[in-house]
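Each chain is listed here by its residues.
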Amino acid sequence: MPVPKERAVVPRSLLREDAYRAIRDAIVTGELAPGERLNDADLSDWLGVSRTPVREALARLEQAGLVQTKPGRYTMVSPLDARALREAQLVTAAMHELAVREAVPHLTATDLAEMRAANDRFAAALHAADVDAALQGDDDFHAVPVRVSANQAVAAVLDQYTPSLRRIERLRFGSLSGRESVAQHNLIVELCEAGDAEAAAEAARTNWLTLVPLIASL
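Right, let's walk through the structure included here.

Reading the values: rules and limits
- The numbers attached to residues start from 1 for each chain and follow its sequence in the written order.
- Note on the predicted model: pLDDT of at least 70 is required for a residue's local features to be given, and 80 or more for side-chain atom pairs to be given and counted; whole-chain, interface and lining totals, by contrast, use all residues.
- The side-chain numbers reported here are obtained from all heavy atoms of the structure, hydrogens and water having been left aside.
- Labels follow the DSSP assignment, with helices taken as runs of H or I lasting at least four residues and strands as runs of E lasting at least two, numbered in each case from the N terminus.
- Burial status follows relative accessibility: with a 1.4 Å probe on protein chains alone, a residue under 20% of its type maximum counts as buried, one over 50% as exposed, and anything between as partly exposed.
- Stacked, tilted and edge-to-face are the three classes applied to pairs of Phe, Tyr and Trp rings, where Trp contributes its six-membered ring and a pair requires centres within 6.5 Å; stacked means planes under 30 degrees apart, edge-to-face means over 60, and tilted covers the rest.
- Here, a charge over a ring means that NZ of Lys or CZ of Arg falls within 6 Å of the ring centre while also lying within 35 degrees of the ring normal.
- Lines fitted to C-alpha atoms define the axes, with helix axes restricted to the stretch in contact, and inter-axis angles between N-to-C directions lie between 0 and 180 degrees.
- Oblique is the label for any angle not covered by the other classes, which are roughly parallel (under 35 degrees), roughly antiparallel (over 145) and roughly perpendicular (65 to 115).
- Left-handed describes a crossing whose near helix is turned anticlockwise from the far helix through less than a right angle; right-handed describes the clockwise counterpart.
- Contacts were defined at the residue level, with two residues in contact if any of their heavy atoms lie within 4.5 Å.

Considerations on unusual backbone geometry
Here's step 1: In this model, Ala129 sits at a positive phi of 55°, which is unusual for a non-glycine residue.
Here's step 2: Its location among the elements puts Ala129 in the loop between helix H5 (109-127) and helix H6 (131-149).
Here's step 3: Phi is positive for Ala150, close to 60°, though the residue is something other than glycine.
Here's step 4: Residue Ala150 is classed as exposed on the basis of its relative accessible area, which comes to 56%.

Here's the deal with the packing of aromatic side chains
Here's step 1: Tallying each qualifying case throughout the model produces 0 aromatic pairs.
Here's step 2: One residue, Arg60, lies across the ring of Tyr20, its end atom 3.7 Å from the ring centre.

Here's the deal with the packing of H5 against H6
A pair of packed helices is characterised by two quantities: the angle between their axes and the separation of those axes.
Here's step 1: One can describe the packing of H5 onto H6 by two numbers: an axis separation of 7 Å at closest approach and a directional angle of 165°. Between H5 and H6, the angle falls in the class roughly antiparallel. Crossing of H5 against H6: the hand is left-handed. Packed against H5, whose contacting residues are Asp111, Glu114, Met115, Ala118, Asn119, Arg121, Phe122, Ala125 and Leu126, the element H6 presents Ala133, Ala134, Gly137, Asp138, Asp140, Phe141, Val144, Pro145, Arg147 and Val148 at the interface.

As structure tokens, this is what we get:
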């Protein structure tokens with residue numbers, strides 16, 4: 001397995017969560033490509049940890065659909081699968097819809113300003129064709145209602161399924177097709193500010209369903 005050339009800069013006390021996030025991020029960015037074979041020893045050397053947290057991280061990544069394992073034969077990065085992505089998309093859209101519905105009555109002016117600022121960063125990143133910054137801006141935007149909703153179950157589900165969608169969103173945010181999300185984000189903020197929880201929740205759901213054509217093209 002050709003692991004990234006530069007050694008990851010991580011603490012020697014790296015725990016399971018850190019290993020999970022490091023490998024997950026390498027998969028999401030494409031540094032570890034779809035179909036690439038993963039070797040415990042190579043990953044351990046890259047991260048500078050023992051194989052135990054790596055194996056635990058791979059098991060968790062398999063549950064998230066980012067890794068596939070055939071015992072005794074191989075472990076590899078999951079290919080982009082339209083059906084799996086569609087399932088993840090439906091769940092993710094439903095969770096963001098719920099988060100916004102629950103958050104609207106509790107959003108403060110500061111929260112709304114944070115959402116607007118995140119969307120401004122998102123728009124600027126799209127204009128600059130900076131996919132990494134666009135994804136971060138999008139994450140920051142949606143993270144506000146998720147945090148304000150204080151629904152830990154929603155946060156846990158999103159943590160599991162969002163990374164799968166981020167792999168394909170990199171394709172969308174690298175093109176003009178991602179620009180419509182800026183307007184959709186503005187609409188969500190306006191509806192949140194107006195206190196219309198149902199309309200804001202529906203707008204959030206619609207925003208996440210814009211991935212349908214891209215998934216269908218796989």
